[in-house]
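Analysis of the macromolecular model
Each chain, written out:
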Amino acid sequence: MAPQPYKISVPQEKLDNLKRKLSLAEFPDELESSRWDLGVPLADLKRLTKAWEKWDWRQAEERLNKLPQYHTGVKVDGFDELDIHFVWQKSPVKNAIPLLFVHGWPGSFFEVAHILPLLAQVGGPAFHIVAPSLPNYGFSEGVRKRGFAAAQYAETCHKLMLQLGYNEYVTQGGDWGAYITRAIGYFYPDHCKASHINLIRAPPPVFSKNPLLALQHSVAPYTEKEKAGFARTEWFAQEGRGYFIEQSTKPQTLAYGLHDSPVALLAWIYEKLHDWADNYPWTDDEIFTWVSIYQFSRAGPGAAHRIYYEVIHTKTQNKNAPGLKTVTRPQCESYIGGVKLGLTRNPKELSILPRSWGLTLGPVVFEADNDSGGHFYASEKPELLARDLKKMFGKGGGAYGVVKGKSGYDDPHARL
C-alpha cells in the first residue's frame with residue numbers, strides 16, 4: 001500500500017491499566033550504601049514510579065503527533081508483510097539528500113525528533129529524513145517467525161526507502177542502527193551511497209588485510225584519549241553487559257517480566273539512560289516518553305529484545321530459517337567497500353576504540369572526535385550530530401554529491 005499518515009492513539013484502557021499497576025507496585029529492599037554500581041537506586045525508582053503514575057501520556061502523545069508520521073506495508077523475503085511506522089520529514093529543497101535514520105535499543109524513532117529542526121535549517125545541505133520504528137519496536141508491527149536478524153532489518157529499511165522513491169540514499173545509525181546500516185551497505189551498495197555511524201566496533205588492523213594501518217598500530221603509542229577509551233570499553237565489558245547476555249540468550253524469559261511489570265521496564269531502560277549517557281540531564285518527561293513508547297509498543301515491551309538473540313545466533317547459514325539471506329555481526333564489523341563512511345567518537349560511548357581500528361571498516365571520508373557525549377548521540381548532542389551530517393555531506397565534505405542529482409542544495413550546479 002502507499003504510505004498513509006499515522007497518528008498515535010493509545011487506548012484509554014491501556015493507560016488506566018498502566019496507572020493501576022504503578023499504583024500497586026511493590027519494591028524490594030536494598031543494601032546499605034547502595035549506589036549505581038548495583039543498579040537503579042531504590043529511592044530513584046520509587047520516585048520515578050510515583051511520578052510516572054501521575055504523568056499525562058496524552059500530552060506526550062500530542063507532541064509526538066506533531067511529527068510527520070506515516071505507515072506502510074513492507075514485504076521482507078521469507079516473512080509476512082509488516083506494517084512499518086516511520087517519521088518522514090520532507091525538505092522543500094528540490095535536491096535534498098534522502099537520509100535514513102535508524103535507531104537501536106533502548107531507543108526508538110523518538111530520537112530523531114531532536115535533529116529534525118536542525119537539519120531543516122536554511123543554508124544546507126538539506127535532507128529528506130526517514131526514521132522508521134524497526135519491526136518489534138514502537139508502532140511498527142512485530143515479527144512472528146524466527147530468523148529475523150540483521151539482514152532482515154536491513155531489507156526492511158532498504159525496501160522502505162525504495163517505496164518512498166529514494167533509489168539512492170545515505171544513512172545514520174547508532175547502537176543496532178549502526179549494525180543495520182552497515183548491513184544495508186553490505187547488501188545494497190548500489191543504493192546506500194554513504195553511512196555515518198556513532199557506535200564503532202571493529203577489530204585491530206592486521207598485516208594481511210591492512211598492512212599500513214597495522215604498521216601504524218604496531219609502532220605508534222596509544223594517546224591518552226585512546227587509553228581512556230579502552231578503560232570505558234573495559235568497564236562496559238565487565239560491568240555493563242549483563243543485559244546483553246540475557247537478551248541474546250533468553251529473550252522470551254525476560255519478556256514476561258517486562259511485559260507484565262511497567263516498574264521492571266522502567267528500571268531496565270532507565271539504568272541504561274543513566275549509565276550510557278555523558279551526564280545528560282534527563283527530564284522526567286523525556287524518561288517517561290522514552291519508556292512509554294516501549295510500554296505501549298505494538299508488539300509489546302518484550303519484543304524489542306529479540307534482535308539480540310537473532311543477530312548473535314546468526315551464522316553464515318541461519319539454522320532457524322534456512323534459505324534466508326544472512327549477515328553476521330563480525331561481517332558488519334569488517335571492511336565494507338563501495339559505501340563512504342563517517343565515524344564519530346564520543347567519550348562515554350560503550351565501545352571507544354583507537355582511530356586506526358575504525359579505519360578498517362571502509363572508505364572513511366569523515367571523522368569527528370568529541371570531548372563530550374555518550375551513547376545516545378541524537379538526544380544528548382543533537383547539534384553535534386547535525387554538524388557531522390552537514391560537514392560530511394555538505395560542500396567540501398567527503399561525501400558531497402554522493403547521491404546522484406541530490407547535492408543537498410537548490411543550485412544543481414553547486415561547486416566546491
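Notes on the structure follow. (Residues numbered from 1 in each chain as written. Predicted model: local features only at pLDDT ≥ 70, side-chain atom pairs only at ≥ 80, totals over all residues. Heavy atoms only, no water.)

Within the protein, the regular secondary structure consists of 17 helices and nine strands. For 416 residues, the compact-globule estimate of 2.2 N^0.38 gives 22 Å, and the protein sits close to it at 21 Å. Its C-alpha atoms give the protein principal-axis dimensions of roughly 60 × 50 × 45 Å. Relative to its 416 residues, the protein shows a buried fraction of 57%. Summed over all atoms, the accessible surface of the protein reaches about 18,000 Å², with 53% contributed by carbon and sulfur. In the protein, which carries 48 positive and 45 negative side-chain charges, the distance between the mean positions of the two groups comes to 6 Å. (Helix = DSSP H or I, 4+ residues; strand = E, 2+ residues; numbered from the N terminus. Rg over C-alpha atoms; globule rule 2.2 N^0.38 Å. Buried < 20%, exposed > 50% of the residue type's maximum accessible area, 1.4 Å probe, protein only. Areas by Shrake-Rupley, 256 points an atom, 1.4 Å probe, with all protein chains shown as cover. Lys, Arg positive; Asp, Glu negative; His and termini not counted. Charge placed at Lys NZ, Arg CZ, Asp CG, Glu CD.)

What follows deals with unusual backbone geometry. Cis geometry marks the peptide bond from Trp105 to Pro106; its omega dihedral reads 5 degrees. By the secondary structure assignment, Pro106 is in the loop between β4 (97-102) and α4 (116-119). With an omega of -5 degrees, the peptide bond running from Gly124 to Pro125 counts as cis. Among the secondary structure elements, Pro125 is positioned in the loop between α4 and β5 (127-132). Here Ser33, not a glycine, exhibits a phi torsion of approximately 60 degrees, which is positive. Inspection of the secondary structure assignment puts Ser33 in the loop between α1 (12-23) and α2 (42-54). Residue classification places Ser33 among the exposed positions, given a relative accessible area of 60%. The residue Asn279 is not glycine, and still its phi comes out positive at about 55 degrees. For Asn279, the location among the structural elements is in the loop between α11 (262-275) and α12 (284-295).

In space, the nine strands of this open sheet follow the order β1-β2-β3-β5-β4-β6-β7-β8-β9, with mixed pairing throughout. Two strands close off the open sheet at either side, each with one partner strand: β1 (4-5) and β9 (364-369). Two elements, β4 and β5, share four bridges in a ladder whose sense is parallel. Residue Leu100 lies in a different strand from β5, and its bridge partner there is Val130. Docked against the sheet, helix α17 (residues 382-393) engages β4, β5, β6 (169-173), β7 (192-197), β8 (340-345) and β9, running at close to 145 degrees with respect to β7. (Pairing = 2+ DSSP bridges. Contact = heavy atoms within 4.5 Å. Axes fitted to C-alpha atoms, helices over the stretch in contact; angles between N-to-C directions.)

Glancing now at the packing of aromatic side chains. Scanning the entire structure with this criterion turns up 37 aromatic pairs. Geometrically, the ring pair formed by Phe110 and Trp290 is edge-to-face, given 6.3 Å between the ring centres and 80 degrees between the ring planes. With Phe110 in the loop between β4 and α4 and Trp290 in helix α12, this pair connects stretches of sequence that are 180 residues apart. The same class applies to Phe110 and to Trp290, which are both buried. A centroid spacing of 4.9 Å and a plane angle of 75 degrees characterise the contact between Tyr222 and Phe230, whose relative ring orientation is edge-to-face. Phe230 gets classed as partly exposed once you look at its relative accessible area, which sits at 25%. Over the ring of Phe244 we find Arg241; its NZ or CZ atom is 4.4 Å from the centre of that ring. (Phe/Tyr/Trp six-rings, centres within 6.5 Å; stacked < 30°, edge-to-face > 60°. Lys NZ or Arg CZ within 6 Å of the ring centre and 35° of its normal.)

Geometric values such as these leave the question of function open.
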